[in-house]
Amino acid sequence: MQTPISVDEKKDFVRWFLNHFQLKKRESVWILNYLMNHESLLSSVHFVQEVKFCPRGMEISAQGVSDPPFRFYKGQVMTNDAEKSFHDLRMNQGEPVYIQMNFENVQQCSKYALVLEENPYLPKDYYLNDRDKNDADRLLKISLLQHRRKQIEDQIDESLVNGERTVFVELCGRLQKVKEELSEFY
């Protein structure tokens with residue numbers, strides 16, 4: 001479990017961010033300053049990645065990145081209107097708000113990493129690419145076939161012990177098919 005990020009740590013990050021980056025939308029500066037000056041509200045702020053999956057969130061971008069200047073997400077609705085988000089912040093101060101900051105070298109920024117939290121709304125397989133999915137699928141199929149092969153081999157042993165010739169012949173045919181399927185993977 002991740003330890004909670006303190007209000008002071010969040011405030012330090014926002015202050016540092018405002019001092020080091022020019023934002024694409026001036027209303028974003030107002031929102032971040034408002035958050036810094038209202039600790040009760042800042043305690044409900046969570047810095048995350050992929051904010052679009054969160055029930056209530058903002059995406060704030062600095063100059064120098066290709067991301068949109070500002071986005072506010074609430075439920076299934078997205079808007080570029082920073083004033084609406086500011087109004088929502090003021091009216092719903094008890095609700096958690098998730099913020100994604102977009103700026104140059106965001107992935108290498110230790111100051112952002114200190115306040116960055118895991119996004120609880122991110123789909124579990126979001127970061128898996130097609131190759132990962134194909135590898136996992138292949139591994140699962142191999143594992144199932146190996147298990148099936150072992151089961152059939154055990155049944156063959158049992159049929160030999162019991163002298164069941166027709167069962168033995170049928171199981172040998174099934175074993176051969178499983179081995180052929182397995183050979184496709186190697």
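Residues numbered from 1 in each chain as written. Predicted model: local features only at pLDDT ≥ 70, side-chain atom pairs only at ≥ 80, totals over all residues. Heavy atoms only, no water.

Per an unreviewed UniProt entry, the chain goes by the name UPF0302 protein GLW04_05885 and belongs to Halobacillus litoralis. The UniProt entry for the chain carries the following comment under Sequence similarities (unreviewed entry): "Belongs to the UPF0302 family." (UniProt positions renumbered as here; feature names shortened; annotations may be inferred.)

Chemist: Quick question: what am I supposed to make of helix 6 (residues 130–162) here?
Modeler: For an α-helix, the turn length of 3.6 residues means that residues three or four places apart are oriented alike. Helix length check: helix 6, at 33 residues, gives a terminal C-alpha distance of 48 Å against a target of 48 Å (1.5 Å per residue), a fit within 8%. Three or more residues of helix 6 are buried, namely Ile142, Leu145, Ile152, Ile156 and Ser159. Summarising the contacts, the buried residues of helix 6 are in contact with helix 7 (165–183). With its phi angle positive at about 70°, glycine 163 sits one or two positions after the end of helix 6. (Helix = DSSP H or I, 4+ residues; strand = E, 2+ residues; numbered from the N terminus. Expected span 1.5 Å × (residues − 1). Buried < 20%, exposed > 50% of the residue type's maximum accessible area, 1.4 Å probe, protein only. Contact = heavy atoms within 4.5 Å.)

Chemist: Explanation requested: the UniProt feature "domain: IDEAL" (unreviewed entry) in the chain in the structure shown.
Modeler: What UniProt calls "domain: IDEAL" (unreviewed entry) maps, in this numbering, to residues 140–172. The span residues 140–172 is 94% helix and 0% strand, and its two end C-alpha atoms sit 24 Å from each other.

Chemist: Is there a simple way to explain the packing of aromatic side chains in this structure?
Modeler: Think of a pair of aromatic rings as described by two things: how far the centres are apart, and how the planes are tilted against each other in angle. The tally for this structure, following the rule as stated, stands at 13 aromatic pairs. With centroids separated by 5.7 Å and ring planes inclined at 75°, the aromatic side chains of tryptophan 16 and phenylalanine 21 adopt a geometry described as edge-to-face. On the numbers, 6.3 Å between centres and 75° between planes, the contact of phenylalanine 47 with tyrosine 112 is edge-to-face. Here phenylalanine 47 is found in strand 1 (residues 45–47), whereas its partner tyrosine 112 is found in helix 5 (residues 110–115), with 65 residues between them in sequence. The pair phenylalanine 47 / tyrosine 112 is uniform in exposure class, with both members buried. The structure contains a cluster of three or more aromatic residues connected by ring pairs, namely Phe13, Trp16, Phe17, Phe21, Phe47, Phe103 and Tyr112. (Phe/Tyr/Trp six-rings, centres within 6.5 Å; stacked < 30°, edge-to-face > 60°.)

Chemist: I'm lost on the state of the cysteines in this one. Help?
Modeler: The full count for this structure, using the stated rule, is zero disulfides. Between cysteine 54, a free cysteine, and cysteine 109, which holds the nearest cysteine sulfur, the sulfur-to-sulfur gap is 19 Å. You can call cysteine 54 buried: its relative accessible area is 2%. (Disulfide = S-S within 2.5 Å.)

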